[in-house]
Amino acid sequence: MSLSTEQLAEIEEQRGQTAPTRRAVSEGLEERLFTAHPVLDHGFVRVIDYMGDDAAICQAARVSYGKGTKSVQNDEGLIRYLMRHWHSTPFEMCEIKLHVKLPVFVARQWIRHRTANVNEYSARYSILDREFYIPAPEHVAAQSEINNQGRGDALQGEEAARVLDMLKSDSMRCYDNYEAMISQDGQQGLARELARMNLPANVYTQWYWKVDLHNLFHFLRLRADAHAQYEIRVYAETMCNIVADWVPFAYKAFEDYRLGAASLSAQMVNCVQRMLRGEEVSQENSGLSAREWREFETIVRGN
Ligand SMILES: Cc1cc2nc3c(=O)[nH]c(=O)nc-3n(C[C@H](O)[C@H](O)[C@H](O)COP(=O)(O)OP(=O)(O)OC[C@H]3O[C@@H](n4cnc5c(N)ncnc54)[C@H](O)[C@@H]3O)c2cc1C
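The rules behind the values
- Residues numbered from 1 in each chain as written.
- Predicted model: local features only at pLDDT ≥ 70, side-chain atom pairs only at ≥ 80, totals over all residues.
- Helix = DSSP H or I, 4+ residues; strand = E, 2+ residues; numbered from the N terminus.
- Buried ≥ 20, exposed ≤ 12 C-beta atoms within 10 Å, placed from the backbone.
- Contact = placed C-beta atoms within 7 Å.
- UniProt positions renumbered as here; feature names shortened; annotations may be inferred.
- Near = placed C-beta within 6 Å.
- Nonpolar A, V, L, I, M, F, W, Y, C, P; charged D, E, K, R; others polar.
- Pairing = 2+ DSSP bridges.
- Axes fitted to C-alpha atoms, helices over the stretch in contact; angles between N-to-C directions.
- Parallel < 35°, antiparallel > 145°, perpendicular 65-115°, else oblique.
- Left-handed = near helix turned anticlockwise from the far one by under 90°.

Asker: Even after reading the chapter, I still don't get the overall build of the protein, so can you show me in this structure?
Answerer: Check the secondary structure of the protein and you find 13 helices and 7 strands. By principal-axis analysis of the C-alpha atoms, the protein measures approximately 80 × 60 × 30 Å. Across the 303 residues in the protein, those meeting the buried criterion constitute 23%. Long-range contacts, defined as pairs at least 24 residues apart, comprise 67% of the intrachain contacts of the protein with a sequence gap of at least 6.

Following this line, the structure appears as structure tokens:
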């Protein structure tokens, strides 16, 4: 995470200011406000602002006049009920605004989540920093042999060194040329909006990203999952920790009913019922394809 002394001072100054408010306050999130939580080699996630807390979800669900809290226990029970039964709109009443610094290839995956509001750093207006994501050696991995959309074992020795060297030298060379093209020393200088096309997808960008809690959970369900690419998953995991401090009841319900939950098809439910009756169920008599059966076994047997 490369924040300048001035940027760190700005953050500290913001953190030093408090104002009395009648609005809902989440103590856990107040602690985290504005702090940059490091992700990857130069990235971060910072909470800029938020609206609502666990009680606000209950307040909306009950359409109540006051704070809506009958008791803390009632609130937790209600939140768990809402999550379990996909009653999602009360979760949309909470919002969070994040400042995220991330490599462009991660941003491309992230931006597919259309239910957020985004404002990105303008590389037409400003000059991008010389910051590129270079994976740690344990993440420089080979193409997976079983999953076309994934990675296998980490590359070793000379091969790993050669790949890392190519990643670093290509990044630096492209940036040198970017700088040379926009330079106005003795030349007119290429427009920034054009020169940036020379930069590789591991260059860092930044954005403000605002989303409601329901859609954030949807994002986290997909991107904190083991199937998501490591480089976006680490952002999602950082955000999970933030959300756990912001709305602890809602986050626990999300962990239990979404993140750690599994969904079974009608045929899979039938298999479970037959197994519970003591029947010998195999892929051949299950009505499931070989792939479905593997997924089913992973869920019910944990292997
Ligand atoms: C492991 C993984 C692998 C992936 N691989 C690929 C890939 O190979 N290629 C690829 O192109 N993408 C890929 N994606 C991206 C994926 O297909 C989705 O685009 C992305 O996860 C965003 O999901 P979403 O549309 O549900 O989210 P959001 O855009 O946040 O939408 C949330 C929900 O709102 C609703 N919604 C939003 N906008 C619309 C709309 N215009 N019309 C109808 N309903 C809408 C839908 O119900 C949607 O589920 C991958 C994602 C993951 C997690």
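Asker: Help me out: how do you make sense of the UniProt feature "binding site: dUMP" (unreviewed entry) in the protein in this one?
Answerer: Per the UniProt record, "binding site: dUMP" (unreviewed entry) is annotated on Gln109, Trp110, Ile111, Arg112, Glu120, Tyr121, Ser122, Ala123, Arg124, Arg196 and Arg223. Taken along the chain, the residues just named run across 115 residues; in space they spread out, the farthest C-alpha pair reaching 29.3 Å. One can find Trp110 in helix 5 (residues 104-110). Relative to the helices and strands, Glu120 resides in strand 4 (residues 117-120). Overall, Glu120 belongs to the partly exposed group, with 13 C-beta atoms counted inside 10 Å. Here Glu120 is in contact with Thr205 and Trp207, once residues within four sequence places are set aside.

Asker: I would appreciate a short explanation of the site of the ligand in the present structure.
Answerer: Around the ligand, the surrounding shell consists of Arg112, His113, Arg114, Thr115, Asn215, His218, Leu222, His227 and Ala228. Grouping the amino acids of the shell around the ligand by side-chain chemistry returns 2 nonpolar, 5 polar and 2 charged.

Asker: Teacher, can you tell me more about the sheet that holds strand 2 (residues 43-51) here?
Answerer: Strand pairing within a sheet occurs via backbone hydrogen bonds; the two strands may be parallel or antiparallel. In space, the 5 strands of this open sheet follow the order 1-2-3-7-4, with antiparallel pairing throughout. Each of the sheet's edge strands pairs with one partner strand only, and the pair in question is strand 1 (36-39) and strand 4. Ignoring strand direction, the axes of neighbouring strands in this sheet form an average angle of 20°. In this sheet, strand 7 (residues 204-212) lies alongside strand 3 (residues 95-103) in antiparallel orientation, the contact comprising 9 bridges. The residue of strand 7 that forms the bridge with Ile96 is Val211. Strands in contact with helix 9 (residues 230-246) are strand 1, strand 2 and strand 3; relative to strand 2, the strand with the most contacts, it is inclined by about 35°.

Asker: Could you clarify how one ought to interpret the packing of helix 8 (residues 213-223) against helix 9 in this entry?
Answerer: To characterise two packed helices, one gives the angle between the axes of the helices and the distance between these axes. With their axes 9 Å apart at the nearest point, helix 8 and helix 9 run at an angle of 135° to one another. Here helix 9 runs oblique to helix 8, going by the angle between their axes. Between helix 8 and helix 9 lies a crossing of left-handed hand. Contact residues: Leu216, Leu220 and Arg223 in helix 8; Ile232, Arg233, Ala236, Met239, Cys240 and Val243 in helix 9. By residue class, the composition of the contact of helix 8 with helix 9 is 7 nonpolar, no polar and 2 charged.

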